[in-house]
Amino acid sequence: MWLKPEEILLKNAFKLWVTEKGNDYFVLQRRRGYGEGGGGLTGLLVGTLDTMLDSTSKVAPFRILHQTPDSQVYWSIACGGTKEEISQHWEWLEKNIMRTLSVFDSSDDITSFVQGKIRGLIAEEGKVSCVQEDDPEKFREALLRFEKWFDLPQKEKLVTYYSCSYWRGRVPCQGWLYLSTNFLSFYSYLLGSEVKLVISWNEIWRLEKTSNVILTESIHVLANGEDHFFSMFLHLNETFLIMEQLADYSIKRLFDKETFQEEPSLSDPLQITKRGLETHARNEQFRAFFRLPKEENLLEVYESFLWVPFSHFNTLGKICLSESYLCFASQDGSQCHVIIPMREVIGVEKPDRSSRALIVCVRGKRALRFSEVRDFERLANAIRRRCGMTASPQHSASTEVALMVGQKDSSKAVSTEALMTVFHPQDTENLDPKMLKEKMKEQSWNIHFSEYGRGTSMFCTKKTRDLIVRGIPEALRGELWMLFSGAVNDMATNPGYYSELVDQSLGTSTLATDEIERDLHRSLPEHPAFQSDTGISALRRVLTAYAYRNPKIGYCQAMNILTSVLLLYAKEEEAFWLLVAVCERMLPDYFNRRIIGALVDQAVFEELIRMHLTQLTEHMTDLTFFSSVSLSWFLTLFISVLPIESAVNVVDCFFYDGIKAILQLGLAVLDYNMEGLISSHDDAEAVTILNKFFDNVTNKDSPLPQTVQQNSVGNNDKASSISKVDVSDLIKEAYEKYGDMKSEEVESMRKRNKLYVIQTLEDTTKQNVLRVVSQEVKFSASQLDELYILFKRQHFLSCYWTMNSPVLLHHDPSLAYLEQYQLGFHQFSLLFSLLEPWSLCSGKDTLFLWAFRLLDENQDGLVNFKEFCCALDILYSGTFTSKLTFLFKLHQPPECQKTHCAFCFTPTGRGKVDLQAYLKQWQDEILKKEESIKDLPRINQAQFIQFSKTLYNLFHSDPEEESLYRAVARVTSLLLRMEEVGRRLQEPTSPQKSSTSPIQAALEGALPDGEASSTPESSSDTPSTPITQEAGSIPQEVEWSFAFEQILASLLNEPVLVRFFERPVDIQARLDHAKCAQLKAKTNE
């Protein structure tokens, strides 16, 4: 069968394959152990290995590789189970492909053409076989095995499964890998040895494809400090992509609190499917490549040729159709793509049925000709249908009117001109060399527009990138930024939106607006535009409107610097939409409290340094220095380190190529300063070298006057001795040396490093929490670490199977470390029941409720890790007095007669961070004095009865159970007699009548069956003096209470009780038990 082309690094890895046929472009190989000769000992081993594998994991014995004469890289394009099957594929290639390949000039074009053809064949086969692809019966059997082997909650949704080998040291264990919504699970049973592995996706640090001497290709998973390797997949890339998507889904849902409301296939974790994940990944890739709004989804794909005007050639590629856009991207190395909004399409024609062509007519008297479209009539109908809904002339006119109406009311408030045109209007009569150069640039772009179009449907080719590398002219910068970023489409489809936001947001007072006001005058303070109220007011409106639009981000430092530059070259509303494009599409997760996106790209940058600058990595093994020094490069797109006239050229490249342009330039900067960095003695010297370099980066073609340019004033003397570097030359060098980097590779590296970055931040949080808590408890460092893992996992267990968990909704990484992970009452009771040191026989739910209320000091319905650990520390390592004090406090108000079902705890969260409240809480903790038992309030009748019942419940299944019951009975009887005597002394003249105290009767009723006869009244070693009460008195009216000191003194007289409470607890055993039973506890919920 035909295979999706995959790169093969080793043609004859370990001599497992024998070449049978070959030519300049293709190789047919047979696996040793099959066919004639068998291949000797190697063939015997290979054949044995393939026989042992499951049918879904066997390697096909025949394959075809694609190659080019001047390349050492091979691509697998077909495989077969028999010689006849593979021979048919070979004959088809010779008959249909070989003659065509001689037309191409370069090997890259040949490879692109072959890959496109093979993918087309696979797509055709897929239309026939897609119905038979999913076997419900096999999946049902796999689901039953999954539920039986791993005993996970029934809610857990199995997504897919694969046969593979799991490596324990150097020994492979053949088994099954199950991928579910929240867990990666593996099971193997071979020769009496069972291997079972369950890993939560949110605990994974690294997920990557690797290869080594033993394993040519495998999947490496790092979780909880352990490395796991899986290999021998039939479709390793497919497996890895599904794993990557599940890990990414878990991270977004649990850490980023993304709800996927616009993607029904992912909105419910109980309904996740493999197809849904693949569709989500495909849509994300589609939107990222064409810079489309997040509402767009890829609906249909067609392979075709597009006629590129003035270049006079057809480029092979794919047409991608979404709800509102028709996009095309080449696949033959021409780097051509075009985006056509349906609102711009005015007609579709089918001129030549024989060539299966269609012509799409767009506004501006332009047309695009597609040919060799396999299902061109269906595509034409789909375009017509969408044009009828979104691109009628009436709709276009109404859009323009809506835009004007939306700006009408606030025209006085919203600036309609770019600040650069206001503060630096171009002098058309100025004919100095720089202005002439600027005019020549504009003329080059005008020629490009005449050839390739202008506006949203412009062709983007290699020539476009070449013009951008030279620098966009000042007059065109705002227009092209809007086009390349996709912001032009956001603005066109949301007329009047910005004006409404401005009206709604101005005058609001939040933490974000306070920070914005503080940073307004720090934004390009040297530029005249921001020395006036015009620029400051525009900056305030854009930042405040965005904070109002996206409260999840609000405002973050560096947004002011970026927005300032956007306002220089774009109108105010355009600057707003450019900011939206940057924050929400091009630099995801950059502008939040933890700047995760920037940290991820720094990790990618480190990886690229190791790949491309080996000389530097040999000298500086620790690359964290580059992470710290480059943070501002990524957050501000080099605006904070380069003069403004040079930085805008970098921004030009960023809007066209995305983060790839920043990574390339970062590598070029380090490469340029390689010698100085290698010879530097410390980090400070290296920073000085880079700062001097940035001070001397100039833009010799910039037409801006000196009042606008930001020259290095303080270092002019030193700078004169250092050679100047033109920013255009620097960018050109970056593209020449590192431009072969693909955007798909960068995105893959981003996903791989995001797991590690997030887990590193989580580990930092954990270390800070443990450092604080360790000062309050007696747990060892390892025990505290295990407790934290259990606590955090319990937090996530409440989030795994629902999208609306209150605990998840109130998880806020911007809060103090101790407040980031908290448990609601139900999760607290589940974990506390696994860890508490006693075996409660009854009433434990009520007791856990009181414990939760006692620990929840701020009454927000949530308990943090410190509060949880302090309670366990008392129960595990506390003295007799401290344990008794804890139990005594549990029975204090609120009244404990109510059942636990009557209470419903709903976490209220903390909403907006109240700094004053945190300061007050911190002050209270400092002034808090050590509690004395004398300060404890007395307990009344009902509370004392319940306290006695609790003591009875603690002794269930204890070896000294009967002695403990007797001891408690003696203590309670003694206390009641003391109270009775006290009341008799107060009223000595009252008549008396012998009877049983109602309190005593209640206590006897609390005893387990068979223990009532063991009370002191019937025992021979206790005086049988009856307990009396006043004649005619009503027991309910008699109010009495006990102090903690009385109870403590009485219990200290019973050695068996003292021994029970001071008995050491095997903490490690309790922790191990909790780790094994935690998921099962959730199952039985």
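Scroll up a little and you will see the structure.
Just so we're clear, the structure is a prediction, and the values are computed from it rather than from any experiment.

How each quantity is defined
- Residues numbered from 1 in each chain as written.
- Predicted model: local features only at pLDDT ≥ 70, side-chain atom pairs only at ≥ 80, totals over all residues.
- Heavy atoms only, no water.
- Helix = DSSP H or I, 4+ residues; strand = E, 2+ residues; numbered from the N terminus.
- Buried < 20%, exposed > 50% of the residue type's maximum accessible area, 1.4 Å probe, protein only.
- Contact = heavy atoms within 4.5 Å.
- Areas by Shrake-Rupley, 256 points an atom, 1.4 Å probe, with all protein chains shown as cover.
- Axes fitted to C-alpha atoms, helices over the stretch in contact; angles between N-to-C directions.
- Left-handed = near helix turned anticlockwise from the far one by under 90°.
- Salt bridge = Lys/Arg side-chain N within 4 Å of Asp/Glu carboxyl O.
- Pairing = 2+ DSSP bridges.
- Patch = residues over 30% accessible without salt bridge, like charges linked within 9 Å, V, L, I, M, F, W, Y side chains within 5 Å.
- Lys, Arg positive; Asp, Glu negative; His and termini not counted.
- Charge placed at Lys NZ, Arg CZ, Asp CG, Glu CD.
- Core = buried A, V, L, I, M, F, W, Y, C linked by side-chain atoms within 4.5 Å.
- Phe/Tyr/Trp six-rings, centres within 6.5 Å; stacked < 30°, edge-to-face > 60°.
- Lys NZ or Arg CZ within 6 Å of the ring centre and 35° of its normal.

Draft legend 1. Representation of the overall build of the protein chain in the model. Across its full length, the protein chain carries 43 helices and 25 strands. Within the protein chain, buried positions represent 51% of all 1085 residues. Partitioning the contacts of the protein chain with sequence separation of at least 6, the portion at a separation of at least 24 is 68%. About 50,700 Å² of surface is accessible on the protein chain, with carbon and sulfur atoms providing 52% of the total.

Draft legend 2. Spatial organisation of the packing of helix α14 (residues 477-485) against helix α20 (residues 572-586). Where α14 meets α20, the closest approach of the two axes is 10 Å, and the angle between their N-to-C directions is 35°. As for how α14 packs across α20, the hand of that crossing is left-handed. Contact residues: Trp-481, Met-482 and Ser-485 in α14; Glu-574, Leu-578, Ala-581, Arg-585 and Met-586 in α20.

Draft legend 3. Highlighting the pattern of salt bridges. Applying the stated rule across the entire model yields 37 salt bridges. Here Arg-793 ties to Glu-203 by a salt bridge, and the two come within 3.1 Å at their closest N and O atoms. Here Arg-793, found in helix α31 (residues 781-797), pairs with Glu-203, found in the loop between β9 (193-200) and β10 (204-210); they are 590 residues apart in sequence, far enough to count as distant. Linking Arg-752 and Glu-607 is a salt bridge whose minimum nitrogen-to-oxygen distance equals 2.4 Å. In this pair, Arg-752 is assigned in helix α30 (residues 743-774) and Glu-607 in helix α21 (residues 596-612), connecting sequence segments 145 residues apart. Look at Arg-752 and you get buried, because its relative accessible area is 17%. One connected set of salt bridges, linked through shared partners, spans Glu-20, Arg-30 and Lys-83.

Draft legend 4. Geometry of unusual backbone geometry. Here the phi dihedral of Arg-291 falls at roughly 55°; this positive angle occurs in a residue that is not glycine. Note on Arg-291: relative accessible area 13%, which makes it buried. Phi is positive for Glu-372, which is not a glycine, with a value near 55°. As for its position among the elements, Glu-372 is in the loop between β19 (366-371) and α9 (376-390).

Draft legend 5. Highlighting the sheet that holds strand β11 (residues 218-223). Read across the sheet, seven strands follow the order β9-β8-β7-β6-β12-β11-β10 without closing on themselves; strand pairing throughout is antiparallel. Both edges of this open sheet fall to β9 and β10, since each of them pairs with a single strand only. Neighbour-to-neighbour, the strand axes of the sheet open up by a mean angle of 30°, direction not taken into account. The sheet contact formed by strand β6 (residues 158-168) and strand β12 (residues 226-231) spans two bridges and is antiparallel. Pairing of Tyr-166 across the sheet is with Phe-230, part of β12. Contacts from helix α5 (residues 136-150) reach β6, β7 (171-180), β8 (183-190) and β9, with the element oriented near 60° to β6. Contacting β6, β7, β8, β10 and β11, helix α6 (residues 236-254) runs over the sheet at an angle of about 160° to β10.

Draft legend 6. Representation of the sheet that holds strand β3 (residues 26-31). One open sheet holds the five strands; their spatial order is β1-β5-β4-β3-β2, and the pairing between them is antiparallel. Strands with a single pairing partner mark the edges of an open sheet, and in this sheet they are β1 (2-8) and β2 (17-22). The mean inter-strand angle of the sheet, taken between neighbouring strand axes irrespective of direction, is 30°. Pairing of β3 with strand β4 (residues 62-66) involves five bridges; the strand directions are antiparallel.

Draft legend 7. Quick peek at the environment of Arg-970. Among the secondary structure elements, Arg-970 is positioned in helix α39 (residues 961-986). Sequence separation of Arg-970 and Glu-1054 is 84 residues, and the distance between their C-alpha atoms is 8.9 Å.

Draft legend 8. Representation of a negative patch on the surface. There is a patch of like negative charges on the surface, built from Asp-622, Asp-682, Asp-683 and Glu-685. Relative to the elements of secondary structure, Asp-622 occurs in the loop between α22 (614-619) and α23 (624-636). Residue classification places Asp-622 among the partly exposed residues on the basis of a relative accessible area of 49%.

Draft legend 9. Representation of the side chain of His-228 in the model. With respect to the helices, strands and loops of the structure, His-228 is situated in strand β12. What His-228 contacts, discounting residues up to four positions off in sequence, is Tyr-166, Leu-197, Ile-199, Ile-219, His-220, Val-221 and Ala-223.

Draft legend 10. Broad picture of the nonpolar core. Phe-230, Leu-835 and Phe-865 are the most contacted members of the largest nonpolar core, which totals 129 residues. Examining the composition of this core, we find that nine residues originate from one element, α6, more than from any other. Apart from the residues within four sequence positions on either side, Leu-835 is in contact with Leu-787, Leu-790, Phe-868, Leu-872, Tyr-876, Arg-1070, Leu-1071 and Ala-1074. Counting residues in each nonpolar core, the second largest holds 118 residues, with Leu-501, Ala-598, Val-641 and Ile-659 among its members.

Draft legend 11. Structural view of the pairing of β7. Burial within β7 is extensive, with seven of its ten residues counted as buried. Sheet topology note: the β6/β7 ladder contains ten bridges and is antiparallel. Counterpart to Leu-158 in the pairing with β7 is Ser-180. Hairpin connection of β6 to β7: two residues between the antiparallel strands, including Gly-169 at a positive phi of 70°. Of the strand pairs in this sheet, β7 and β8 are connected by four bridges, and their pairing is antiparallel. Following the sheet pairing, Leu-179 is matched in β8 by Leu-184. Turn length for the β7-β8 hairpin, with the two strands adjacent in sequence and antiparallel, is two residues.

Draft legend 12. Just the packing of aromatic side chains, in detail. Inspection of the entire model under this criterion finds 58 aromatic pairs. Plain terms: the ring middles of Tyr-161 and Tyr-178 are 6.2 Å apart, the flat faces sit at 25° to each other, and that makes the pair stacked. Pair noted here: Tyr-161 is in strand β6 and Tyr-178 is in strand β7, with a separation of 17 residues, a long-range link. Both residues of the pair, Tyr-161 and Tyr-178, count as buried. Ring centres 6.2 Å apart and planes at 80° place the aromatic pair Phe-832 and Phe-868 in the edge-to-face group. Remark: Phe-868 occurs in helix α35 (residues 865-877) and Phe-832 occurs in helix α33 (residues 825-835); sequence separation between them is 36 residues. Residue Phe-832 is classed as buried on the basis of its relative accessible area of 5%. Judged by its relative accessible area of 0%, Phe-868 falls in the buried class. In this structure, Arg-206 packs its charged tip against the face of Tyr-756, placed 4.3 Å from the ring centre. Lying across the ring of Tyr-569, Arg-477 places its NZ or CZ 5.0 Å from the centre.

Draft legend 13. The arrangement of the pairing of β12 in detail. Across six bridges, β11 lies against β12 in antiparallel orientation. In the strand pairing of β12, Leu-222 is matched with Asp-227. Once β11 ends, the chain turns through two residues before running back antiparallel as β12, passing Asn-224 with a positive phi of about 55°.

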